[in-house]
Every structure is written in C-alpha cells, then in structure tokens.
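Now for the letters of each chain:
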Protein chains: 2
Amino acid sequence: MRGYLGRGSVFRTLANISAMTPRPVSEPRPDEFGRPSAHAPGSATVAVIGDGQLARMMHTAAIELGQSLRLLAGSPDASAAQVCADVVLGDYKDLADLRRAAEGCDALTFDHEHVPNEHLNILIANGIAVEPRPSALIYAQDKLLMRQRLKELGVPVPVFAEITSTEDASAFWAKTEGQVCLKTRRGGYDGHGVWFPESEEEFCQLVSELTAKDAPLMAERKVALDRELSAMVARRQSGEVRGWPVVESVQRDGICAEAIAPAPGLDEKLEAQAREIALKVAEGLGVTGVLAVELFEAAGEISVNELAMRPHNTGHWTQDGCITSQFEQHLRAVLDQPLGATDATAAVTVMANVLGAAEDPDMPMSERVAHVHQRFPQAKVHLYGKTHRPGRKIGHVNLCGEDVAETRHNAQLAAGFLVHARWADQDADQAS
Amino acid sequence: MRGYLGRGSVFRTLANISAMTPRPVSEPRPDEFGRPSAHAPGSATVAVIGDGQLARMMHTAAIELGQSLRLLAGSPDASAAQVCADVVLGDYKDLADLRRAAEGCDALTFDHEHVPNEHLNILIANGIAVEPRPSALIYAQDKLLMRQRLKELGVPVPVFAEITSTEDASAFWAKTEGQVCLKTRRGGYDGHGVWFPESEEEFCQLVSELTAKDAPLMAERKVALDRELSAMVARRQSGEVRGWPVVESVQRDGICAEAIAPAPGLDEKLEAQAREIALKVAEGLGVTGVLAVELFEAAGEISVNELAMRPHNTGHWTQDGCITSQFEQHLRAVLDQPLGATDATAAVTVMANVLGAAEDPDMPMSERVAHVHQRFPQAKVHLYGKTHRPGRKIGHVNLCGEDVAETRHNAQLAAGFLVHARWADQDADQAS
Ligand SMILES: Nc1ncnc2c1ncn2[C@@H]1O[C@H](COP(=O)(O)OP(=O)(O)OP(=O)(O)O)[C@@H](O)[C@H]1O
Ligand SMILES: Nc1ncnc2c1ncn2[C@@H]1O[C@H](COP(=O)(O)OP(=O)(O)OP(=O)(O)O)[C@@H](O)[C@H]1O
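Residues numbered from 1 in each chain as written. Chains lettered and ligands numbered in written order. Predicted model: local features only at pLDDT ≥ 70, side-chain atom pairs only at ≥ 80, totals over all residues. Heavy atoms only, no water.

## With respect to the side chain of Glu 64 of chain B
Looking at the element boundaries, Glu 64 of chain B is found in helix α1 (residues 53–64). At 6.2 Å, Arg 56 of chain A is the nearest oppositely charged side chain to Glu 64 of chain B, a buried residue that forms no salt bridge. Residues within four places of Glu 64 of chain B in sequence aside, it is in contact with Met 57, Thr 60, Gln 319, Val 381, His 382 and Leu 383 of chain A. (Helix = DSSP H or I, 4+ residues; strand = E, 2+ residues; numbered from the N terminus. Buried < 20%, exposed > 50% of the residue type's maximum accessible area, 1.4 Å probe, protein only. Lys, Arg positive; Asp, Glu negative; His and termini not counted. Salt bridge = Lys/Arg side-chain N within 4 Å of Asp/Glu carboxyl O. Contact = heavy atoms within 4.5 Å.)

Structure (structure tokens):
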C-alpha cells in the first residue's frame, strides 16, 4: 500500500478458488462444566493444545473471525483459559485428553511443540486435521534433525555435529578451533539448553554430565553474530505461502527482548535471502500454519538457528503493525483458508517484551499500565493475565513510529515501566 | 504520525498522573457453571450488560489488555457469550441479575441503552461504578430530553417539539410547512420508530395510533440532508476526552450500511465543529466511555440526530484503521484509565456492514469468507457468531486504502459477497 512497504511479500497464491474451499464445519457441544455449546453454529472451531499467551492471542483473532477456540488447558486460570468459553482441562501428553479436545473440531493446532508425535499420528489416523503435522513438527522439536534436513535442502546452517561422547566433543572442538555452542537436541527454550564452553575440558565435562542424564546433544559452531533476524511465513495445506517483513530480534540472556520491524538497515539481498529461506523451509518441510525461522546475521551472511511452527515472539509486532497478525494468519492457515496480506502499516514497529523483574514492584500492574498509557498514548500494551515470576514473559508492548531509534527508545521505556514501575530515563524519586 | 493524519484529535489530557490512578481491582470468583475463577489476579474486571457484537468486540480488546469481561447475557450462545469465560445468565431488566453480574467487578457498562435507570441508581448507591451513569444515559434513551438538553447547551438540533396529541401534530405540521419526521421518544433502533408522514392527515393518524399505544412521541423538522456524519469521542471520569476523525455514515433503509473514515471532502470548519459538538456533548452530559454523535450535514450546516453512549457501528473502522479502537478505548474510559491515541493509520478506511439477506444463500459462511479472503487479502472480516435473519447485523468488513472510491467499491464487494454469496460485479453463473 505504501512506498516503504513496497518490498512485496514472498508468497505464492492459488489461482483456483475451488482448491481452497474450507472443510465443512462441525456441530457444537457442551463444555467441561456442562455449560451449553459455546460456538457459533456453522463457524469453524480450532482446538488449540496449550493455554499460554499464544493460545490467548489466537483466541482474540478467532473471535473477530466469527470463530471461537477450544483449548486443552492445564488449569482453568491459565493465560488462555481465562478468556475462552470452551476449555477442556487435561494433559497434552495424554492421548485421551487430546482426543477429548479434538472431538468435533475442524483443526487441531498448538501453542508449543511438546505434544508427543505418536499421539498426533493416532489423531491423524482418526481423521483429525492436525496442523502442522508431526512430519513437519519433528524439525521444530529436534535441533539435530532440523539441521540435517536443512543442510539437505541447501539452507545455510552453522557447522554442526551430533555429540554422543567426549570423543565427539573433542573432535568438534578441534574442527571449530574452540568456537563451540552445545545444545540439547530437544526441550530447550529461551536459552535453556544452550552452553558456550570456554575450554575443551569444560566442553567434555558438560557432555559427560549431560549424556549421563540421557540428554541427546548436538554442537554447532559458535557464530560471531552481528545480530539475529527472524523471517516468518505462513503456509497452508493447499500450498499458499505468505511472508512478513524480516525483523531484527534482540536477545538478552537468551530471551527475545525486542523485535524491530522491518530489520533496520538490512541489506536488500540478505532480506530476499531470508525470505527465500523461510519459504524453502515451509515448503521443504511441509509446514502448515505460521513458521518462524530464527536467523543469525554474521559478516554479511545469514544462517538458520531455530525453527518454530506456531506464532512466535518475534511476530507479536504484527498485531499492531501489519494488515494481518500472525495469530489470525495461523488460524486461517491451519483451516486451509486463503491467507491475509502481510504488508506493514507503519514505517517501523517495535515490540518490547515485558519480562518479570527479579522482584515484583509493589505498584499494581493496572496502575503501571495507566502510567504507560498516560505517557505513551500510542503504545499498545498486551498483557497475558499471568502472575509474576522473575524472567517470565507476562506481556509485550507494540509501538509504531517513523524513526527506529525513537520508537525503540519509547518501547523500551514503556516495557521497562511495566516491569520495574519506574522510568529508566528518570530518577527513582521522580517516578511516583 | 503521518501527514494526512495531521488534523489532530480534539482532546483534553490530564497533567497529573495521580488523578488517574485506577481503582484497586477486585478478587475473582467462580462463574455460573461452577467453573473456577476466570480472571487474572490483579487485573480489572469490567461487567458488560448485554451479549451482542459490541460486548463481543469489547472482549477481544479486554483480552489484549490482560483483562477479561464478565457478561450479563440472555443466553449462553449469544454473540458475546460464545467467546467469554465468565457469563452470568439473566435479564438486564432484573435487579437481582444485574447485582449478580456487578458483584466484585471494577466497572459496569453496557452494549445497549435499555437497562432501567432505577436499577442502575441502586447499583450506584451500592458502590458499583456504573459507566456511563444514568444521569448521562437518559439522553441516549429519550430523544426529546436529549434535544431539549442539547438546545440548552447551544448544540444545533433540527426544530423539534413534543407531540402528545393531534393538535400538537397539526401545529408542528404548520410550523415546518409539512417537513415532518415523527419519532418515538424511546426504544427506536435502526430506523424502527421513525416515520416521514406525507400529509397532515397521515401525521395525525400516526400520532393517534401511537398515542393510543402509549408511545411517547416527538417530531422534528425533516432535514433535506446531504449526508450523515458521525463524530465519536471517549471521555473518562477524570475529565480526559479524545476524539476520533469524523466519519461519513451511509444509511440504507434506516440502517448504517457503511462508514467512511475520514468523511470524504468534509469542510475543515465543519469537521472542527463536529468535533467541538461531540466534546461539548460528552462534557455537558457527563458521559463516560465512548460517545457517538450522529449528525446531519445539510447545505453546509450540521445538526445532531442521535446519541449513543457505547461503541457504535460508525466506529467499527477503528479496529483496523486507527491506533486505538473504540472497544479498547471504551474499556479504558469506563475504568478511568488514560485514553489511547486516536490517529488513523491509513489514508482511508471503509467499514461495510454485513446484513442478513432476505434469503440466506446455501453457501456456508465459512466458504463465503474464503472467497472474500481470496479476492481481497487485505480485507478484515469481522463476524459476530450470529445466525442469519434478514437485515440482521451479522458482521462487518474493514478495508484500508489510499483511494476513497476504490476502497469503498472493494469493501462493498466484500460485504456483499458475505451476504449474497456472489460478486456484485460478476454474472451470477461466474460466481461459483
Ligand atoms: N551457534 C550459536 N552461535 C552464537 N550464539 C548462539 C548460537 N546458538 C544460539 N546462540 C545464542 O543463544 C540464544 C538461544 O539459542 P536457541 O535459540 O538455540 O535456544 P532456545 O532455547 O531454543 O531459544 P528460543 O526459545 O528463544 O528459540 C540465541 O538466540 C543466540 O543468541
Ligand atoms: N429529522 C430527520 N430528517 C431527515 N432524516 C431523518 C431525520 N431523522 C432521522 N432521519 C433518517 O432516519 C434514520 C434513522 O433515524 P434515527 O437515527 O433517529 O433512528 P434510530 O432508530 O434511533 O436509528 P439508529 O439506531 O441508527 O440510531 C436516520 O439515520 C436518517 O437517515
């Protein structure tokens, strides 16, 4: 629509509408608590396995589409369960609970990658539209398999190796001249499960401790990275793919702290390459729904670090800075509906995470929000209904603007106030 | 932010943050069906009396703010009840039901104007923050009182009179030289309760029929209107007011069919006057929450037609075309929280209503949505989870663009397809 949006999304659309007729939708039924049908007749119902903020934000997108979600939630006061009418309480590792959640739904999707694939395969055999499928999900679950597959696809990844012994470790140490990043193959998140050993001894020590605990491992070259990027796309079963502008993702202590859209000063060729990679991964792995490809930029080259097959923290900016948010797009994609335009609506959008402070300030959160809204009427505050824990993701702030530095500065101030109940640019005693 | 947004909202902000510290928030409790607490601890809970699309869309705004609503709903499958976790079933005319909904909430508000004020006054006496208050609501409920009060405030309204007899009718007929619009003082909506008698006899006949049915009446001059406008603002108890750009509201058969933001080609002086009127009405009547002032434009002058003290159909465009939507703003306002920026984010945004067709086409709604998304990837479809009835508001489409004519054309095509399952610009047999 606008000049600065003119980079055009990487996407493939479908010429033939008949290929995208959605599946017929199912009949509603009462919820766990005997409450009558909570879904509009004739609307699609997506079952979401998970009860966190990603499911919560999918629900707001679902509502506006005339739909409503069914959740499989671990507890009735979890982030998404607070705001959904149809909540199935249960365990995502339990097949019977998964079945109850899936029953009568038009598609089943996730807000995390931890559902056992053997259960999902049974659901698929029973006719449930599981999106994305385990055949794709496996590459978001296992960092080693992912790198092997990406290498086959010709997608750049840092040099890597499976590590099953201290011998493997020593060999990899030599090969990378001590530039080593050790990772558990599965179950890591927010930097847990990632180590940078500083000596061969430390590396071998780590490897023997972790293998003793039966943690499957891999190592890759420690990249001298200039910054991290994220390339996101959505793909649906019929084949349509649409990509968002590539963003810069600012990590602190292994956690995404900020996303800046579009990535400031990103070389056009690299941007195109990042988009091509995301497209190739989505198609190559047969991903359905939203795919986030986390990338390293180092010395003018990019390589893939991590995949997520669901809405992703680096895509939260799309809620307020883009025609179609990642949450709406994910629902459309898993229902095999035509995808939405992904143009940015502002010159720059910055997302700053609200991460629980070491100690929660006394000022109630609603009062902190009031201060932020008072100072920044243009800030979009998103909170997840979660209680405080140090480092916990409890919300984010989106801010649109014209100037990267100013928008970042203000987004950081706003998120910082929600965390610390003080303005980083003011004396403590001025803050009240 | 952008050149074309430079008109600057009419608003008053507050210098002193202490004046806007929100009320302390209350403790959650189980819902109707014995389901445990559905609200985040420490978050505000707004009770909404009503279960329609306005409540539904308030809920999506609430979720993103980290809140969740409690609804007083007439049925568990009503539009908003489908998507809310905390639903109290009951009758908005019943004091006991209102009390149950209000219990422990931080503010109580509405998606319609039909709650008896005597009940609201009792709730207020019991310490409930009812927003807006009956002292303001009365002017959205009674068209005669509204005009009398607006006249006192110096706000332009067409010539009007109370009509209690055929004598009153004849006198008003003479005074306006037969340019008469007759209205029931209360309970009208979407053009129901509005008549344009073509002769004095017809007018007197209508008046005697309606007075026989005890319908209190008023008449006003039938305006030779060029078009209708809507000026919306939000105001909170502490006094802050923010206005949105003035929009053109296109009515068909007494129902809002489209809203075009900003109103195309609106004279700057008239725009300023429209904003001033909305501000004056909000402050003069002590409105809290969102206020819509429906206006007539005729021969370069504007006058007030109607007030609504809640989110309004002519404000739906703000969901996709504005920094702060009317639904978010309403919640912030009724909780006496600082208001959000109201700048438009696109050169033009068109909202087209989806009104049930005389006969509902066979094609399922989800398939119609797929066609619309396929043709217009940039269209934002909002559906309310309602079943079909002729003329019923079942959804709307928002479309942003650069050019008014093109954006209107496309928004109409999209909404038209959702209604009729065919493209107005194609032959019927091409549509499948
Ligand atoms: N090979 C590497 N070279 C340099 N830094 C790395 C490397 N691998 C990971 N990191 C750093 O560690 C952070 C976390 O790594 P990674 O993304 O693999 O872990 P994770 O726990 O899966 O995190 P997330 O949940 O954020 O995806 C990265 O964002 C990056 O900053
Ligand atoms: N005085 C008038 N002169 C000319 N047209 C009028 C007049 N009053 C009302 N109308 C027309 O009738 C329509 C409906 O009138 P009004 O808004 O008073 O009714 P309502 O039932 O309260 O509608 P809504 O629910 O849309 O506010 C107006 O939008 C306008 O098109």
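## Focus: the site of ligand 2
Residues and elements named next belong to chain B. The full set close to ligand 2 counts 21 residues, and Lys 143, Lys 183, Gly 191, Glu 228 and Glu 306 are the nearest of them. Gln 251 places a polar side-chain atom, nitrogen or oxygen, 3.4 Å from an oxygen atom of ligand 2. At 2.6 Å from an oxygen atom of ligand 2 is found a side-chain nitrogen or oxygen belonging to Glu 306. Burial of ligand 2 by the protein amounts to 89% of the accessible area it has alone, namely 600 Å². Looking at the shell around ligand 2, the elements that each hand over two or more residues are β7 (180–184), β9 (217–221), β14 (289–298) and β15 (301–308). Here the shell around ligand 2 is composed, by residue class, of seven nonpolar, five polar and nine charged. Per-domain counts for the shell around ligand 2 show at least three residues from each of domain 2 (159–221) and domain 3 (227–431). (Near = heavy atom within 4 Å. Polar contact = N/O pair within 3.5 Å; in protein donor to acceptor, adjacent residues only side chain to side chain. Areas by Shrake-Rupley, 256 points an atom, 1.4 Å probe, with all protein chains shown as cover. Nonpolar A, V, L, I, M, F, W, Y, C, P; charged D, E, K, R; others polar. Domains from an automatic or database assignment.)

## Some thoughts on the state of the cysteines
Overall, the coordinates contain zero disulfides over all chains when judged by the stated rule. Cys 400 of chain A supplies the cysteine sulfur nearest to Cys 322 of chain A, a cysteine that is in no disulfide, at a spacing of 9.9 Å. Its sulfur unpaired, Cys 204 of chain B is 16 Å from the next cysteine sulfur, which belongs to Cys 181 of chain B. For Cys 204 of chain B, a relative accessible area of 15% corresponds to the buried category. (Disulfide = S-S within 2.5 Å.)

## Here we look at the UniProt feature "binding site: ATP" (unreviewed entry) in chain A
Residues and elements named next belong to chain A. Per the UniProt entry, the sites bearing "binding site: ATP" (unreviewed entry) are Lys 143, Lys 183, Glu 220, Arg 221, Lys 222, Val 223, Glu 228, Asn 305 and Glu 306 in this numbering. Contact partners of Lys 183, with chain neighbours within four places excluded, come to Lys 143, Arg 147, Gly 193, Val 194, Trp 195, Pro 216, Leu 217, Met 218, Glu 220 and Asn 305. Topologically, Lys 222 is positioned in the loop between β9 (217–221) and β10 (227–235). For Lys 222, a relative accessible area of 37% translates into the label partly exposed. Among residues more than four places away in sequence, those in contact with Lys 222 are Gln 179, Val 180, Cys 181 and Phe 196. (UniProt positions renumbered as here; feature names shortened; annotations may be inferred.)

## As for the confidence of the model for chain A
Residues and elements named next belong to chain A. Scored by pLDDT, chain A comes out at a mean of 91, with 90% of its residues at no less than 70. Predicted confidence for residues 1–8 stays below pLDDT 50, and this span has 19 contacts to residues more than four positions away or in other chains. On the interface metric, ipTM, the complex scores 0.92, and its pTM is 0.93. (pLDDT = per-residue confidence, 0-100.)

## Structural notes on unusual backbone geometry
For the bond running from Glu 131 of chain A to Pro 132 of chain A, omega is -5°, close enough to zero to count as cis. Within the fold, Pro 132 of chain A resides in the loop between α3 (117–125) and α4 (134–141). The phi dihedral of Asp 214 of chain A is positive, around 65°, even though this residue is not glycine. For Asp 214 of chain A, the position within the fold is in the loop between α7 (200–212) and β9. A relative accessible area of 67% means that Asp 214 of chain A is categorised as exposed. At Ala 299 of chain B, a position not held by glycine, the phi torsion is positive, near 50°.

## Observations regarding the packing of aromatic side chains
Given two aromatic rings, one states the distance between the centres and the angle between the planes to describe the pair. Scanning the entire structure with this criterion turns up six aromatic pairs over all chains. An angle of 75° between the planes, with centres 5.9 Å apart, marks the rings of Phe 376 of chain A and Trp 423 of chain A as edge-to-face. Residue Phe 376 of chain A is located in the loop between α11 (365–375) and β17 (380–383), and its partner Trp 423 of chain A is located in the segment after α12 (404–420); the two are separated by 47 residues in the primary sequence. Both residues of the pair, Phe 376 of chain A and Trp 423 of chain A, belong to the buried class. Considering the side-chain rings of Trp 173 of chain B and Phe 203 of chain B, the 6.1 Å spacing of their centres and the 40° angle between planes classify their relative orientation as tilted. Of this pair, Trp 173 of chain B sits in helix α6 (residues 166–175) while Phe 203 of chain B sits in helix α7 (residues 200–212), and the two are 30 residues apart along the sequence. (Phe/Tyr/Trp six-rings, centres within 6.5 Å; stacked < 30°, edge-to-face > 60°.)

## Points about the sheet that holds strand β3 (residues 68–73) of chain B
Residues and elements named next belong to chain B. Spatially, the four strands line up as an open sheet ordered β4-β3-β2-β5, and their pairing is parallel. Strand pairing shows two members of the sheet lacking a second neighbour, β4 (86–89) and β5 (107–110), which therefore form its edges. Averaged over all adjacent pairs, the angle separating strand axes in this sheet is 25°, with direction ignored. Here β3 runs beside β4; their pairing, made up of four bridges, is parallel. Bridge pairing in β4 places Ala 73 opposite Leu 89. Contacting β2 (45–49), β3 and β5, α1 crosses the sheet at an angle of about 165° to β3. (Pairing = 2+ DSSP bridges. Axes fitted to C-alpha atoms, helices over the stretch in contact; angles between N-to-C directions.)

## Comments concerning the domain arrangement of chain A
Residue and element names in this part refer to chain A. By the assigned domains, chain A splits into domain 1 (3–130), domain 2 (159–221) and domain 3 (227–431). Placing the centre of domain 2 and that of domain 3 at their C-alpha centroids yields a distance of 29 Å. Contacts between the two partners involve four residues from domain 2, matched on the other side by six residues from domain 3. There are zero salt bridges connecting domain 2 and domain 3.

## Observations regarding the pairing of strand β14 (residues 289–298) of chain A
All names here are of chain A. With respect to burial, β14 is a largely interior element, ten of its ten residues being buried. The pairing of β10 with β14 spans nine bridges and is antiparallel. Of the residues in β14, the one forming a bridge with Ser 230 is Glu 294. Relative to strand β15 (residues 301–308), β14 runs antiparallel, the two sharing seven bridges. Bridging across to β15, Leu 295 finds its partner in Val 304. In sequence, β14 turns back onto β15 through a hairpin of two residues, with Ala 299 there showing a positive phi of about 50°.

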